[in-house]
Amino acid sequence: MGVVRETHDCVVVGASFAGLGSAYALARSGLGVTVLEDKADCGERPHTTGILVKDVIDQVALLDRMPAELVRRIDGVRLYAPDLHYVDLAAPGYYFLATDTPGVLRWLAEQAENGGARLRLGARFRGAERTRSGFRLEEAGLTRYLIGADGPRSRVAESLGLGHNSDYLFGVEYEYADVSIPEPDKLHCFIDRRIAPGYIGWIVSGVGLVQAGLARRLRGERVSARAAMTTFLEKIAPMVDLRGRRPCFIRAGLIPCGGVVRPAAGPRVLLVGDAAGMVSPVTAGGIHAALKHGLAAGHAVADFLHGRAEDPSDWFVRTYPRYRAKRSLRFLFDHFQSDMAFNRLLATRPMRMAAGSIYFHHKGVFVPSPTARSDHGGGAGPRRIPGASCPGTTDIEGASE
Ligand SMILES: Cc1cc2nc3c(=O)[nH]c(=O)nc-3n(C[C@H](O)[C@H](O)[C@H](O)COP(=O)(O)OP(=O)(O)OC[C@H]3O[C@@H](n4cnc5c(N)ncnc54)[C@H](O)[C@@H]3O)c2cc1C
């Protein structure tokens, strides 16, 4: 292959939430930006459930124009203990959006292209060589700046000696068409150390699909994702029986959970999104940070290239989230997760408050479901999926607050 002689103001590697956000901001400032994306289509094989938290809707103005048919509102969370007792969590005014994730990514790509960014699909970044005023890339020519938005195992980080993620969860999700679930306006989350050590399982009624998945610690024992999913589907069968059904899509991938990498930048190069480890170590949500900091990185690089600011590698990375408290919570969850404790404590007020503040990001006043009622006809307190039996677990029906 001949040497590519193009020159760019900025090359962004990765056309997902972080990279498309950066490209959009750079292009709108009038700079020449090219996005290199390995996949042939930005919406192909997304490795995410794609749930957007309300904060990203509030903070990223670009999303105001997102077509309504790409999202479905989810108003609260039903959190299940390992023995399948559950509590409903909600916060006034707070919601999540389930998404048609391939559609959202294609729409974001369209926004970046309409803004003037050039997308090169099917173009894998392999490495970069430093020059006096930027980098030379075999596949794209010369660039004055480089943004690595290429996900958890960043090739940009590796090739330029930047920090890299080393602590991961592994997530896998099956998608089903023509299935409905009870309480479709809730995100159903399942705590179970056997199935999802270090995280949770979930089921959500998305846009035209039901998505059922789990994420687990990628450390120590290796249980195959398929085996873990089989056990999970077995467990939730009393609620929705997906056993034996063929998923129409499977999404899977690594989720960095060790916090922001160091260094996340060098002269004329920045990492952003998962490449920078920008994922909440507790919720494992990274779309909000990827989009928000992706856009901000684009603005910061644009200011530098227009001569209005210093190289953002010096100052911009200080605005990255540190996740101090969340990393401590992750440590606790990793080392002391106990199914028995969740069975006993899930319904208690402190536990519901803690869960509420994790899910609703301290927004508004957390209000436990006021009409809590038992499926067994009892009063306020935890409820259980009808028909679910979990031998060997503690029945906490009626546990006090
Ligand atoms: C199963 C699962 C479920 C999840 N669910 C949620 C959720 O519901 N909500 C949430 O907020 N977060 C969720 N996350 C996390 C979230 O998906 C990520 O934090 C988010 O996608 C990060 O976006 P990003 O743009 O930084 O990177 P990515 O989405 O990883 O995108 C990186 C892009 O770079 C491209 N690329 C990689 N290497 C190269 C290369 N060498 N050359 C060119 N291109 C390259 C990839 O093809 C990809 O398009 C989930 C993760 C997993 C694994």
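Above this text sits the structure in question.
Below: a short report on this structure. (Residues numbered from 1 in each chain as written. Predicted model: local features only at pLDDT ≥ 70, side-chain atom pairs only at ≥ 80, totals over all residues. Heavy atoms only, no water.)

1. Quick word on the packing of aromatic side chains
1) Next: As enumerated under the stated definition, the model contains 11 aromatic pairs in all.
2) Next: Centre to centre, the rings of Y80 and F190 are 4.2 Å apart; their planes meet at 10°, and the pair counts as stacked. Pair noted here: Y80 is in strand β5 (residues 76-80) and F190 is in strand β13 (residues 186-190), with a separation of 110 residues, a long-range link.
3) Next: Owing to a relative accessible area of 2%, Y80 belongs among the buried residues under this scheme.
4) Next: Under the relative-accessibility criterion, F190 is labelled buried at 2%.
5) Next: Taken together, the aromatic side chains of Y80, Y86, F190 and F232 make up a single cluster linked through ring pairs. (Phe/Tyr/Trp six-rings, centres within 6.5 Å; stacked < 30°, edge-to-face > 60°. Helix = DSSP H or I, 4+ residues; strand = E, 2+ residues; numbered from the N terminus. Buried < 20%, exposed > 50% of the residue type's maximum accessible area, 1.4 Å probe, protein only.)

2. Comments concerning the pattern of salt bridges
1) Next: Taken as a whole and judged by the stated rule, the model has 23 salt bridges.
2) Next: Where E44 meets R45, a salt bridge forms, and the shortest distance between an N and an O atom there is 2.9 Å.
3) Next: Since its relative accessible area comes to 25%, E44 is described here as partly exposed.
4) Next: Here D241 makes a salt bridge to R243, at a shortest N to O gap of 2.9 Å.
5) Next: A relative accessible area of 39% places R243 in the partly exposed class. (Salt bridge = Lys/Arg side-chain N within 4 Å of Asp/Glu carboxyl O.)

3. Some details on the side chain of E175
1) Next: Mapped onto the elements of the fold, E175 is located in strand β12 (residues 168-176).
2) Next: E175 gets classed as buried once you look at its relative accessible area, which sits at 1%.

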